[in-house]
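Structure at a glance
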Amino acid sequence: MTLSDDTHVADRFLGGKLLIATPMIGDPRFDRSVILMCDHSDEHAMGIIINKPVSGLRLPELFDQLGIETDITAPDRAVLLGGPVERDRGFVLHSNDFAADGSTLPVSEGIGLTATKDILEAIASDHPPRRSVLALGYAGWGPGQLEDELTANAWLVADPDEALIFSDTNDDKWEKALAIIGISPEHLSSLSGHA
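Residues numbered from 1 in each chain as written. Predicted model: local features only at pLDDT ≥ 70, side-chain atom pairs only at ≥ 80, totals over all residues. Heavy atoms only, no water.

When its secondary structure is counted, the protein shows six helices and 10 strands. Sequence-distant contacts, at least 24 apart, represent 68% of the contacts inside the protein between residues at least 6 apart. (Helix = DSSP H or I, 4+ residues; strand = E, 2+ residues; numbered from the N terminus. Contact = heavy atoms within 4.5 Å.)

On to the packing of aromatic side chains. The tally for this structure, following the rule as stated, stands at three aromatic pairs. For the ring pair Phe 30 and Trp 155, a centre distance of 5.9 Å and an interplane angle of 75° mean the geometry is edge-to-face. Of this pair, Phe 30 sits in the loop between strand S1 (18-21) and strand S2 (34-40) while Trp 155 is found in strand S10 (residues 155-158), placing the two residues 125 residues apart along the sequence. The exposure class of Trp 155 is buried, given its relative accessible area of 4%. Aromatic side chains Phe 91 and Tyr 138 sit 5.4 Å apart centroid to centroid with 75° between the ring planes, which places their arrangement in the edge-to-face category. With a gap of 47 residues between them, Phe 91 in strand S6 (residues 85-95) and Tyr 138 in strand S9 (residues 132-141) connect regions that are remote in the sequence. (Phe/Tyr/Trp six-rings, centres within 6.5 Å; stacked < 30°, edge-to-face > 60°. Buried < 20%, exposed > 50% of the residue type's maximum accessible area, 1.4 Å probe, protein only.)

Further remarks concern the pairing of S1. Burial along S1 is two-sided: Leu 18 and Ile 20 and Leu 19 and Ala 21, pointing in opposite directions, are all buried. Pairing of S1 with S10 involves four bridges; the strand directions are antiparallel. Within S10, the position partnered with Ala 21 by the bridge is Trp 155. (Pairing = 2+ DSSP bridges.)

The residue Ser 55 is located in strand S4 (residues 53-58) in this model. Its relative accessible area of 76% is what places Ser 55 among the exposed residues. Distance from Ser 55 to Leu 81, taken between C-alpha atoms, is 9.0 Å for residues 26 residues apart in sequence.

By the element assignment, Lys 52 lies in the loop between strand S3 (45-49) and S4. Relative accessible area serves as the criterion here: at 23%, Lys 52 is assigned to the partly exposed category. Distance from Lys 52 to Ser 33, taken between C-alpha atoms, is 7.4 Å for residues 19 residues apart in sequence. Apart from the residues lying within four places of it in its own chain, the contact partners of Lys 52 are Asp 31, Arg 32, Ser 33, Leu 80 and Leu 81. A distance of 2.4 Å separates a polar atom in the side chain of Lys 52 from the backbone oxygen of Asp 31. (Polar contact = N/O pair within 3.5 Å; in protein donor to acceptor, adjacent residues only side chain to side chain.)

The set of residues buried in helix H1 (residues 59-66) consists of Leu 59, Leu 62 and Phe 63. Viewed end-on, H1 has its buried residues packed into an arc of 100°, placing them on one side of the element. Away from its buried face, by an angle of more than 90 degrees, H1 presents the exposed residues Asp 64 and Gln 65. Looking at the packing, one finds that the buried side of H1 touches S4, strand S5 (78-81), helix H2 (117-123) and S9. A positive backbone phi angle near 70° is found at Gly 67, which sits one or two residues after H1. (Arc of directions from axis to C-beta.)

Below, the discussion takes up the nonpolar core. Formed by 25 residues in total, the largest nonpolar core has its most connected members in Leu 18, Leu 36, Ile 48, Leu 93, Leu 113 and Ile 165. For this core, the secondary-structure elements that each account for two or more residues are S1, S2, S3, S6, strand S8 (111-114), S9, helix H4 (162-166) and helix H5 (173-180). Residues in contact with Leu 113, not counting those within four places in the same chain, are Cys 38, Met 46, Ile 48, Phe 91, Val 92, Leu 93, His 94, Ser 103, Thr 104, Leu 105 and Val 107. Among the nonpolar cores identified, the runner-up in size contains 17 residues, and Val 79, Phe 98, Ile 123 and Ala 124 belong to it. (Core = buried A, V, L, I, M, F, W, Y, C linked by side-chain atoms within 4.5 Å.)

If you want it as structure tokens, here you go:
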């Protein structure tokens, strides 16, 4: 089964957008973070940080730890720290050529989120999704919390970029996300501290 592009719900607030942390973020856990927003409503918001690798943990090691049998050699990719909530739980962002019935959330055009073992088994198979990235944990906000942070200029919003989201190079994702909206890091730094 594949995830259809028309299953994306356009009226989910910031669902499917990128959040880019500014110097006003005030929380070291999110310093220079880029987050793909997976869901956003009046009640909550949820996203995955896409540029913070877990130190010393690669996908093959995680598969070994979880006892995932692989038909192929698992791709040697970093496992990301998706956020401070439920850090012992895996979340996989992936291309829309994979979908698990009832378990895959359409995030944006061409990208889904699955948090069940199905996606790990698919990545370890002969027919993996075209693109994927695994993160432990997620970033979450309660009612109105994200809106307050946006009002305080803690985040900038950009359209999603599949190449950026699935890139193996995490060191420059923040700068590249800023470039999507035409902002240089130097310009952003000079604006911090000015009301």
